[in-house]
Amino acid sequence: MSDLAALIRTLEAHLPAFRREMADADWAAFAGLLTEAASPLEQAAADPRKRLEAFSVLERAFGRFEVTRRYLPAPGGALVEPSPPPPAEGAVSGLPEGPVGQKEPDLAELLRRAAELCRDPDGAAAASTQQGEER
């Protein structure tokens, strides 16, 4: 699993706890950063080349607060800078000729869910808390 997927799953699982543990000012700032992350996450769902940008936005949001910082992936994780594109002329040996499928087919859906959650972090945290109380 990539670092991006790990951060998204952490966000889904722990958002209500983050809300409870953060001071109001910190939560407001964190929620604002998550709202800013919605667009890069949507773009990454459609374009795998945008995933590094989406990861960077989420990493900045998590890294800014003590409550969330402990959930950041260890340095040297699975996500790396993409390689430069092959030359436009001629075939490059070893590369597939047709389109390549996603390594993690569920990652695009995960990115869409994260974008939805980031559009309204307050509502998502409240809804998750209510669902937990009903169980």
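Fair warning: this is a prediction, and the values are worked out from it, not measured in the lab.

Each value, and the rule that gives it
- Residues numbered from 1 in each chain as written.
- Predicted model: local features only at pLDDT ≥ 70, side-chain atom pairs only at ≥ 80, totals over all residues.
- Heavy atoms only, no water.
- Phe/Tyr/Trp six-rings, centres within 6.5 Å; stacked < 30°, edge-to-face > 60°.
- Helix = DSSP H or I, 4+ residues; strand = E, 2+ residues; numbered from the N terminus.
- Buried < 20%, exposed > 50% of the residue type's maximum accessible area, 1.4 Å probe, protein only.
- Core = buried A, V, L, I, M, F, W, Y, C linked by side-chain atoms within 4.5 Å.
- Polar contact = N/O pair within 3.5 Å; in protein donor to acceptor, adjacent residues only side chain to side chain.
- Contact = heavy atoms within 4.5 Å.
- Axes fitted to C-alpha atoms, helices over the stretch in contact; angles between N-to-C directions.
- Left-handed = near helix turned anticlockwise from the far one by under 90°.
- Nonpolar A, V, L, I, M, F, W, Y, C, P; charged D, E, K, R; others polar.
- Salt bridge = Lys/Arg side-chain N within 4 Å of Asp/Glu carboxyl O.

K.L.:
How would you explain the packing of aromatic side chains if you had to name every residue and give the values?
P.N.:
All chains considered together, the criterion is met by 6 aromatic pairs. Centroid distance Phe18 to Phe62: 5.9 Å. Interplanar angle 85 degrees. Geometry classified as edge-to-face. Note that Phe18 is positioned in helix α1 (residues 3-21) and Phe62 in helix α3 (residues 51-63), a separation of 44 residues in sequence. Across the pair, exposure class does not vary: Phe18 and Phe62 are buried alike. With a centroid separation of 5.9 Å and an interplanar angle of 55 degrees, the aromatic rings of Trp27 and Phe30 are classed as tilted. Linking Trp27 with Phe30, this pair stays in helix α2 (residues 24-46), spanning 3 residues, or about one helical turn. Residues Trp27 and Phe30 agree in their burial class; the two are buried.

K.L.:
Mind laying out the nonpolar core, listing which residues take part and the relevant values?
P.N.:
Counting residues in hydrophobic clusters, the biggest one holds 35 residues, and the most contacted among them are Leu11, Leu15, Phe30, Leu41 and Leu58. Those elements giving two or more residues to this core turn out to be α1, α2, α3, α5 (107-119) and α6 (121-134). Of the residues forming this core, the biggest block, 10 residues, is contributed by α2.

K.L.:
Quick one: what's the story with the side chain of Thr10, residue by residue and with numbers?
P.N.:
With respect to the element layout, Thr10 can be found in helix α1. Residue classification places Thr10 among the buried positions, given a relative accessible area of 14%. Among the polar contacts made by the side chain of Thr10, one reaches the main-chain carbonyl oxygen of Ala6 at a distance of 2.8 Å. Apart from residues no more than four positions distant in its own chain, Thr10 is found in contact with Leu15, Phe18, Phe62 and Tyr71.

K.L.:
Before we move on, could you go through the packing of α1 against α3 and cite the residues and values that matter?
P.N.:
Here α1 crosses α3 at 35 degrees, and the two axes come no closer than 10 Å. Seen from above, α1 lies across α3 with left-handed handedness. Residues Asp3, Leu4, Leu7, Ile8, Thr10, Leu11 and Phe18 of α1 pack against Arg51, Ala54, Phe55, Leu58, Glu59 and Phe62 of α3. Its residues assigned to classes, the contact of α1 with α3 comprises 9 nonpolar, 1 polar and 3 charged.

K.L.:
Let's hear about the pattern of salt bridges: which residues, and what values?
P.N.:
Proximity of charged atoms lets side chains of opposite charge pair with each other. This structure, assessed with the given rule, holds 7 salt bridges. Of the charged contacts in the structure, one is a salt bridge between Arg113 and Glu12, with a shortest N-O distance of 2.8 Å. Of this pair, Arg113 sits in helix α5 while Glu12 is found in helix α1, placing the two residues 101 residues apart along the sequence. Shared partners join several salt bridges into a network, and the residues in it are Glu42, Glu116 and Arg119.

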